[in-house]
Amino acid sequence: MARATVGGALVEVRWSATCGAAWARITRASAGDTVRITAGSSEQEGAVGAEAEAYTPMVGADQASDARACATLVSGTTGCTAPD
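Note that residues are indexed from 1 along each chain, following the sequence as it is written. Reporting of local features is limited, given that this is a predicted model, to residues whose pLDDT is at least 70; pairs of side-chain atoms are given and counted only at 80 or more, and all residues count toward the totals for whole chains, interfaces and linings. With hydrogens and water stripped out, all remaining heavy atoms of the structure feed into the side-chain values.

With that out of the way, let us pick up the overall build of the chain. A count of helical and extended segments in the chain gives zero helices and nine strands. Strands are runs of DSSP state E lasting at least two residues, helices are runs of H or I lasting at least four, and both sets are numbered from the N terminus onward. N-terminal to C-terminal, the α/β element order of the chain is β-β-β-β-β-β-β-β-β. Within these notes, the globule rule equals 2.2 Å times the number of residues to the 0.38 power, and the radius of gyration is based on C-alpha atoms. Relative to its length of 84 residues, the chain is compact, with a C-alpha radius of gyration of 12 Å against a globular reference of 12 Å. Scored against the burial criterion, the 84 residues of the chain give a buried share of 42%. Contact between two residues is taken to exist if any of their heavy atoms lie within 4.5 Å; hydrogens are not considered. The contacts of the chain with a sequence gap of at least 6 include a subset with a gap of at least 24, amounting to 45%. Here the Shrake-Rupley method, with its probe set to 1.4 Å, supplies the accessible areas, and only the displayed protein chains count as covering residues. For the chain, the exposed area adds up to about 4,300 Å²; of that, 46% sits on carbon and sulfur atoms. Between buried and exposed lies partly exposed: a residue is buried under 20% and exposed over 50% of the maximum accessible area for its type, with that area taken using a 1.4 Å probe on protein chains only.

In structure tokens:
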């Protein structure tokens, strides 16, 4: 599982072999922060609301290393996971 710290938030690629899909999770986040998952030409986004975390919808991915998760914080800080 790929992870990165962006500002004070943690962004992760989550992956399921059973589903053949990946999704992103952001934790330790603030309301308004966003997280995005990309795999090939597919992309989905999630936004942090009242909770300190958010998930994206799934995108098709044959393996975890096919996906990349990126966060954009309300502060303007951005960052992404590196491929496995």
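Within the largest apolar cluster, 21 residues are counted, with the highest numbers of intra-cluster contacts made by Val-11, Val-13, Ala-22, Ile-26, Ile-37, Ala-67 and Ala-69. Looking at this core, the elements that each hand over two or more residues are strand 1 (3–6), strand 2 (9–16), strand 3 (21–27), strand 4 (34–39) and strand 8 (67–72). We call a set of buried residues a nonpolar core when its members are Ala, Val, Leu, Ile, Met, Phe, Trp, Tyr or Cys and they connect through side-chain atoms within 4.5 Å of each other.

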